[in-house]
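A structural walkthrough
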Amino acid sequence: MSPAWSRRTFLAAAGGAALTAGSLLPSSAASATAADPYTALRATWRTLILGEGFSPTAEPFKSRLADLGSQAGTWHDSMTPATGSLWPDAVFADPDPDTDAESYAFSAKIVDSYTRLSTMAQAYSQQGTGLTGNTALRDAVVTGLDHLHAQVYNDRQTRYGNWYSWQIGAPQALLDTCVLMYDALGAARIDAYCAAVDHFVPDSAVGSYTGTSTGANRVDLCRVLALRGVVGASSAKLALARDALSPVFPYVTSGDGLHSDGSFIQHTTVPYTGSYGSVMLGGLGMLFALLKGTQWEVTDPRRQIVFDAVEGAWAPFLYNGLVMDSVAGRAISRGLTSTAPDAVQQNDHLRGHPILASIVLLGQGASATENARWRALVKGWARRDYYSPPLENPTLGLTALSRLASVLDDSSVTALPEPTGHRLFTDMARATHRRPGWAASLSMADRRITYYETGNGENLRGWHTGSGMLYWWGDTYANGQYSDAFWPTVDPYRLPGITASRKALADAAGGDWGASLPDVNWVGGVTDGQRASVGQYLKGLSSTLLAKKSWFFLDDTVVALGAGITGTDGAAVETTVDNRNLGPTGGSAFTVDGATKPLAYPWSATLTGASWAHLAGHGGYVFPGGATVKALRESRTGSWRDINTGGATTSVSRKYLTLWFDHGRDPRQASYAYQLLPGADAARTAARAADTTWLRVLANTDDQQGVSVPSLGLTAVNFWFGGTVGTLVADNPCSVMVTEHSDGTATVCVSDPMRMRTNLTITWNRAVAAVVSKPSTVSSATTGASLRLVFGDLSGTRGTTQTVKVRLA
C-alpha cells in the first residue's frame with residue numbers, strides 16, 4: 001500500500017513551493033521541431049512543472065521565487081556526499097534491508113534526496129530565484145545525481161522499504177530533474193539514469209491492473225514511464241505510458257477507481273476523492289497536456305469519463321476552496337509535521353487548492369464548453385475561500401498558482417455560485433448536501449467501505465469517522481471548522497453526528513489499510529437530487545454497539561433519528577449532536593430555550609427537557625418534543641503526533657462546544673431525534689421548535705424510521721424491515737421518499753440499499769390518476785385509490801434511486 005509520506009512527496013513535487021517555477025528554457029527548446037519530438041516534449045514538461053504566464057516581479061510569485069532560491073541555496077550549502085547519504089539528515093542506507101517501518105523510513109530518504117535535487121534544479125532554471133543559471137548550483141545537482149546513482153538508485157540495487165519510493169517517488173523527482181538539467185547531463189548519464197528507472201519500473205509494472213498499479217498509483221506509474229520515454233527518447237515507453245492509462249478511465253464496479261455514481265476509491269475500501277483522487281486528477285491533467293498534439297496523444301474515448309467526473313465526482317466535495325475531509329482518508333491526520341516556526345499545517349483548504357488548479361489544467365484538454373464552465377466554477381471556489389485564499393497557500397507551487405491566477409484575473413470569466421443539490425455516493429457510503437448558504441457531508445461504513453483507514457502510523461484515532469460523522473459548513477462562516485487543528489484536539493469519541501461506545505480503543509484499532517469492515521448491508525438511501533433520506537445500520541468498531549441511524553436532508557435542515565441503540569461492552573454509549581471547534585478563544589454564545597449559558601471554560605450541564613439550542617455564529621438545534629441533552633464547553637489540548645507518528649509534538653489547544661445524548665452504560669433500544677439548522681439565528685431556531693406541526697416523526701424504531709413534512713409535501717421512510725409507516729407500505733427492507741408537487745404531480749423515489757432485493761412491493765395510500773414515467777425495474781404499476789409499485793430484481797442497481805413520477809387524482 002502507498003504510505004502517507006508518498007502522497008506528501010508527490011504533492012510537494014507537483015505543487016509545493018520548493019518545486020515549481022516559471023521557465024528559463026535552454027536553447028535546445030527554441031529549436032524543437034517535428035523531427036525531434038523529444039526536445040519538444042521536454043520543453044512542454046518544463047512548462048508543466050515550472051509554470052508560465054506570470055511575472056517574476058509580481059506577488060505572490062516574487063516571494064515564492066525568492067523562497068525557492070533560498071531553499072535551494074540551503075540544500076546546496078548543506079549537501080555532503082557520503083556513504084549512505086547525500087545530506088547528513090537524509091540517510092538512505094538501510095543496515096537491515098526489509099519492508100518494515102524502519103526500512104520504509106530509509107527508502108523515504110531516497111525520495112527526499114531526489115526531491116531536494118529537483119528543488120535545486122528548478123531554482124537554477126527559474127527566473128527571479130537569485131540562483132538562476134548559477135553554474136555552482138548546476139554542478140552540485142549533477143554531482144548529487146551521480147552520487148545517488150552510484151550509491152543506491154541504479155540497476156544493480158535491490159529495493160527495500162516502501163515500493164512507492166522506488167517506483168514513483170524517486171523516479172518522478174529524478175526524471176523531472178533530468179528534464180530541467182538535460183543539457184548539463186550528457187548521453188552517458190541519461191542512459192545510466194534511464195537504466196535505473198527501467199530496473200525499478202519495468203514494463204511489467206503496468207502489465208496488469210491490479211495491486212499497487214490501479215487508480216492514482218497507475219497514473220503515477222504512467223507518469224514515470226512517459227518521462228522515461230521523454231528523457232531517454234523512447235517511443236515505446238511513451239506508447240506504453242499512454243496505453244497503460246486506459247484501464248484508469250472506465251468505471252469500476254468494485255474497489256479502486258471511479259465508480260458510475262461518482263465515488264472514487266483507493267486501497268479497495270477507502271473513499272479517497274480528496275487525496276489519491278486529487279493525485280490522479282492532477283497526474284492525468286499533466287499527461288494529457290504533455291502528449292497533446294503528439295503521435296502519443298491520449299485518444300481513448302473513455303477519457304471523457306474523467307472529464308465527466310470533474311463535476312460528477314470532485315465538485316460535490318469542493319466547498320469555498322476546501323475539499324471535504326470525508327473523502328481524504330489518512331490525510332486528515334497530516335496536519336503539522338515540523339516544529340519549525342515557518343511550518344505549515346496542512347488542512348482541507350490546502351488540500352483543495354491543488355484540485356482547483358488541476359481542474360484548470362484538465363480543462364485545456366476538454367471541450368470548450370467544459371473548459372469555460374470549469375473555469376467559472378474554479379473562480380467561484382477560489383474567490384469564496386475567505387478562510388484560506390488559494391493565492392496565499394504556502395504549499396501551492398508556482399505552477400498551480402499561475403493557473404489559478406490566470407482564472408482569477410480573467411475578466412471574461414464570471415464566477416459561478418456553489419452548486420446546490422444532494423448527491424448520494426452509494427458505492428463509497430458518502431453523501432453531500434448543498435443548499436444556498438451551507439453544505440454538509442456524511443460519512444458511513446458498510447461491508448464494502450471501511451470504518452476508517454490507518455497505516456504507516458497515520459490516522460491512529462480515526463476510528464469513528466465512518467460511524468455517521470456529519471460535517472457542515474456555512475457560506476461565510478465556520479469554513480475553518482475542521483481546518484483549525486480540529487483533528488489533534490477533538491474528542492475522537494465525540495465526532496459530530498456519530499453514535500459510539502466510550503469503550504477505550506487502542507491506536508490503529510481494527511487494522512491497517514482499511515482492513516476492518518462492518519458486517520452490515522443496509523447503508524444508503526434515496527435522493528431526488530435536492531432532498532434525501534439516508535440510513536446507516538451501525539455496528540461499532542471493536543464493540544458490541546448496534547444502532548439504526550437516519551438522516552433526512554431537507555431545504556434548511558437535516559433531521560437526524562436514531563433507534564435500536566444497544567451495547568453490552570460495559571461502557572457508555574453516546575450520540576453526538578455536534579462538536580463545534582470554536583478556535584483558540586471560543587467566545588460563541590450558547591443559548592438553550594432562550595437562556596444564555598455561561599461562557600466559562602470548563603462548563604457543563606445536563607439540559608433536561610430542552611426544546612432548542614443555539615450556538616452563535618454557527619446555527620441551531622431543535623429537539624422535537626423535548627429531550628435531555630448534555631452540553632460541555634471545554635478546552636482540549638493535543639498534538640499532531642498523537643494521531644500521526646510523523647506529526648509534530650507541539651501542543652495545540654482549541655475550545656469546543658459539544659452537545660450529545662447520553663444513552664447510558666449498556667443501553668437497550670435507546671433512541672434520539674434532533675434537527676440541525678445550519679446558519680439559523682436564535683429566533684428562527686426558536687420558531688422552528690415552536691412549530692410542532694412542521695415536522696412529524698412517523699416512526700423511530702429498530703424496524704423503521706420515517707418523517708413527514710407537510711409544508712414540503714414530503715414523506716420519507718427508511719424501512720429496516722418491511723411494514724407500514726404513515727401512508728407508505730413496504731414488503732421488504734428499502735428506502736422510500738415521496739414528494740407531492742404543487743402542479744398535481746408527485747415523485748416516488750425508491751432504493752434497495754442492501755443490494756439484495758429480487759422483488760419489492762411499495763404501496764402509497766394516496767389516490768393516483770396515472771403513472772407518468774417509471775424505470776425498467778418497475779414490473780407493475782397500479783393506480784387508483786392507492787399506488788402500488790412492484791419492482792423486479794433490484795440487486796444489480798447498486799443501491800441507486802429508482803424514480804417514478806405520477807399524476808395525482
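Residues take numbers from 1 onward in each chain, read along the sequence in its written order. In view of the model being predicted, local features appear only for residues whose pLDDT reaches at least 70, and side-chain atom pairs are presented and counted only at 80 or more, with totals across whole chains, interfaces and linings using the full set of residues. The side-chain values count all of the structure's non-hydrogen atoms but skip hydrogen atoms and water molecules.

Observations concerning empty space enclosed by the protein
A 1.4 Å probe that fits into a set of points on a 1 Å grid over the protein atoms alone but cannot get out defines a cavity; an open set with protein on both sides within 12 Å along at least five of seven lines defines a pocket, and lining residues are those with an atom within 4 Å of a point. Grid points are joined across faces, edges and corners, and a volume is the space filled by probe spheres set on the points. A full pass over the atoms with the stated rule returns six cavities of 30 Å³ or more. Reported here for the largest cavity is a volume of approximately 130 Å³. Forming the boundary of the largest cavity are 17 residues, of which Asp325, Ser326, Gly329, Arg430 and Thr465 lie nearest the centre. Residues were grouped as follows: Ala, Val, Leu, Ile, Met, Phe, Trp, Tyr, Cys and Pro as nonpolar; Asp, Glu, Lys and Arg as charged; and all remaining residues, including Gly, as polar. Here the lining of the largest cavity is built from residues that sort into eight nonpolar, six polar and three charged.

Looking at the confidence of the model for the protein chain
A score from 0 to 100, pLDDT tells how confident the predictor is in each residue. Residues with a pLDDT of 70 or more make up 96% of the protein chain, whose mean pLDDT is 94. Here residues 1-33 scores under 50 on pLDDT; set against residues more than four positions off or in separate chains, the count is 118 contacts. When checking whether two residues touch, look at their non-hydrogen atoms; a contact exists if any pair is within 4.5 Å.

Side note on the pattern of salt bridges
The term salt bridge refers to a pairing of a side-chain nitrogen on Lys or Arg with a carboxyl oxygen on Asp or Glu at a separation within 4 Å. The full count for this structure, using the stated rule, is 35 salt bridges. Notably, a salt bridge pairs Asp176 with Arg223, separated by 2.7 Å at the nearest N-O pair. Taken together, the positions of Asp176 in helix H7 (residues 163-180) and Arg223 in helix H10 (residues 215-231) put the pair 47 residues apart, joining distant regions of the chain. Asp176 gets classed as buried once you look at its relative accessible area, which sits at 2%. Each helix is a run of H or I in the DSSP string that is no shorter than four residues. Each strand is a run of E no shorter than two, and both are numbered from the N terminus. Three labels apply to residues, based on accessible area from a 1.4 Å probe with only protein chains included: buried if under 20% of the type maximum, exposed if over 50%, partly exposed otherwise in between.

Here we look at the packing of aromatic side chains
Each Phe, Tyr or Trp ring, with Trp reduced to its six-membered ring, pairs with another whose centre is within 6.5 Å; inter-plane angles below 30 degrees give stacked pairs, above 60 give edge-to-face pairs, and intermediate values give tilted ones. This model, assessed by the stated rule, comprises 29 aromatic pairs. Both rings, one in Tyr38 and one in Trp296, keep their centres 5.7 Å apart while their planes meet at 35 degrees; by these two values the pair is tilted. Highlighted residues: Tyr38 in helix H3 (residues 37-50) and Trp296 in the loop between helix H12 (276-291) and helix H13 (304-314), separated in sequence by 258 residues. The buried category is assigned to Tyr38, whose relative accessible area is 15%.

Let's talk about the sheet that holds strand S25 (residues 723-725)
The pairing criterion is simple: DSSP has to find at least two bridges between the two strands. Here five strands make up an open sheet; going across it, the order is S25-S26-S29-S32-S31 and the pairing antiparallel. At either end of the open sheet lies a strand with only one pairing partner, and these are S25 and strand S31 (778-782). On average, each strand axis in the sheet is tilted by 15 degrees relative to the strand beside it, whichever way the strands run. Across four bridges, S31 lies against strand S32 (residues 787-791) in antiparallel orientation. Within S32, the position partnered with Ser780 by the bridge is Val790. Axis lines are fitted to C-alpha atoms, over the contacting stretch for helices. Their N-to-C directions set the angle, which ranges from 0 to 180 degrees.

As for the sheet that holds strand S22 (residues 696-700)
Reading across from one edge, S22-S23-S24-S27-S28-S33-S30 is the order of the seven strands in this open sheet, with antiparallel pairing throughout. Here the strands that pair on one side only, and so sit at the sheet edges, are S22 and strand S30 (768-773). Averaged over all adjacent pairs, the angle separating strand axes in this sheet is 15 degrees, with direction ignored. With six bridges connecting them, strand S24 (residues 714-719) and strand S27 (residues 734-740) associate as antiparallel partners. From the neighbouring strand, Asn718 faces S27, where its bridge partner is Ser735.

Quick look at a negative patch on the surface
A surface patch of like charges, here negative, comprises Asp96, Asp98, Asp100 and Glu102. Within the fold, Asp98 resides in the loop between helix H4 (61-78) and helix H5 (101-125). Only residues above 30% relative accessible area that lack a salt bridge enter a patch, with like-charged residues linked at up to 9 Å and the nonpolar side chains Val, Leu, Ile, Met, Phe, Trp and Tyr linked at up to 5 Å. Only the protein chains shown count as cover for residues, and the accessible areas themselves come from Shrake-Rupley with a 1.4 Å probe. Charge convention: Lys and Arg are scored as positive, Asp and Glu as negative, and His as well as the terminal groups of each chain are ignored. For the purpose of locating charges, the reference atoms are NZ of Lys, CZ of Arg, CG of Asp and CD of Glu.

So, helix H9 (residues 187-200)
Because the α-helix completes a turn every 3.6 residues, residues three or four places apart line up on one side. Over its 14 residues, H9 extends 20 Å from the first C-alpha to the last, a length consistent with the 20 Å expected when each residue adds 1.5 Å. Every buried residue belonging to H9 is among Ile190, Tyr193, Cys194, Ala196, Val197 and Phe200, and all of these are buried. Here the buried residues of H9 occupy an arc of 155 degrees about the axis, which is enough to place them on one side. In H9, the exposed positions that point more than 90 degrees away from the buried face belong to Ala187, Ala188 and Asp191. On its buried face, H9 sits against helix H6 (135-151), H7, helix H8 (182-185) and H10. Expected helix span is taken as 1.5 Å per residue step, with the number of steps being one fewer than the number of residues. In this context, the arc is that of the directions from the helix axis out to the C-beta atoms.

Some details on the packing of H6 against H9
A pair of packed helices is characterised by two quantities: the angle between their axes and the separation of those axes. The interhelical angle for the contact between H6 and H9, taken along N-to-C directions, is 45 degrees, at an axis separation of 11 Å. Regarding the angle of H6 to H9, the classification is oblique. Crossing angle aside, the handedness with which H6 passes H9 is left-handed. Contacts between H6 and H9 involve Val142, Leu145, Asp146 and His149 from the former and Arg189, Ala192, Tyr193 and Ala196 from the latter. These descriptions rest on fixed angle ranges, namely under 35 degrees for roughly parallel, over 145 for roughly antiparallel, 65 to 115 for roughly perpendicular, and the rest for oblique. In this scheme the crossing of two helices becomes right-handed for a clockwise turn of the near helix relative to the far one and left-handed for an anticlockwise turn of less than a right angle.

Structural notes on the nonpolar core
The nonpolar core is taken to be a set of buried Ala, Val, Leu, Ile, Met, Phe, Trp, Tyr and Cys residues, with the residues joined through side-chain atoms within 4.5 Å. Ranked by size, the top nonpolar core spans 194 residues in total, and within it Tyr114, Met120, Tyr153, Leu290, Phe590, Phe623 and Leu659 carry the most contacts. When residues in this core are grouped by element, the largest group, 11 residues, is from H7. Setting aside anything within four residues of it in sequence, one finds Phe623 in contact with Val577, Ala610, Ser611, Trp612, Ala613, Val629, Phe661, Ala673 and Tyr674. Counting 24 residues, the second largest nonpolar core, distinct from the first, contains Leu789, Phe791, Leu794 and Val804.

Considering the pairing of strand S8 (residues 438-443)
Of all six residues in S8, six are buried; the element is thus mostly enclosed. Here S8 shows two buried faces, one formed by Trp438, Ala440 and Leu442 and the other by Ala439, Ser441 and Ser443. Sheet analysis places strand S7 (residues 430-435) next to S8, joined by six bridges and oriented antiparallel. For Thr432, the partnering residue across the bridge sits in S8 and is Ser441.

A closer look at the state of the cysteines
The disulfide criterion used throughout: a pair of cysteine sulfur atoms within 2.5 Å. Considering all chains together, one arrives at zero disulfides under this definition. The closest cysteine sulfur to the non-disulfide-bonded Cys194 is located on Cys178, 6.7 Å from its own sulfur. Cysteine Cys749 remains unbridged, with the sulfur of Cys734 as its closest cysteine sulfur at 12 Å. Residue Cys749 is classed as buried on the basis of its relative accessible area, which comes to 1%.

Overview of the pairing of strand S33 (residues 802-808)
Along S33, the buried face is formed by Gln802, Val804, Val806 and Leu808; none of Thr803, Lys805 and Arg807, which line the opposite face, is buried. Sheet topology places strand S28 (residues 745-751) next to S33; six bridges connect them, and they run antiparallel. In the sheet register, Thr747 faces S33, and the bridge partner there is Lys805. For S30 and S33, the ladder comprises four bridges, and the chain directions are antiparallel. For Ala770, the partnering residue across the bridge sits in S33 and is Arg807.

Concerning the environment of Ser742
Note on placement: Ser742 falls in the loop between S27 and S28. The spacing of Ser742 and Thr44 is 698 residues in sequence and 57 Å in space, taken between C-alpha atoms.

Quick word on the layout of surface pockets
Size it by volume and the second largest pocket reaches roughly 310 Å³. If you trace the second largest pocket, you find 20 residues lining it, with Leu48, Glu52, Leu361, Gln364 and Arg403 closest to the centre. Listing elements by their share of the lining of the second largest pocket, those giving two or more residues are H3, H12, helix H14 (348-363) and helix H16 (398-408). Per-element tally for the lining of the second largest pocket: the top contributor is H16, with four residues. Per-class residue counts for the lining of the second largest pocket are six nonpolar, 10 polar and four charged.

Structural notes on unusual backbone geometry
For the bond running from Glu59 to Pro60, omega is 5 degrees, close enough to zero to count as cis. Structurally, Pro60 is set in the loop between H3 and H4. With an omega dihedral of -5 degrees, the bond running from Tyr601 to Pro602 counts as a cis peptide bond. Inspection of the secondary structure assignment puts Pro602 in the loop between strand S17 (595-596) and strand S18 (603-615). Despite not being glycine, Ala478 shows a phi value in the positive range, around 60 degrees. Along the chain, Ala478 turns up in the loop between strand S9 (469-474) and helix H17 (486-489). Residue classification places Ala478 among the buried residues on the basis of a relative accessible area of 18%. Phi is positive for Gln669, close to 60 degrees, though the residue is something other than glycine. Tracing the backbone through its elements, the reader meets Gln669 in the loop between strand S20 (652-665) and strand S21 (670-678).

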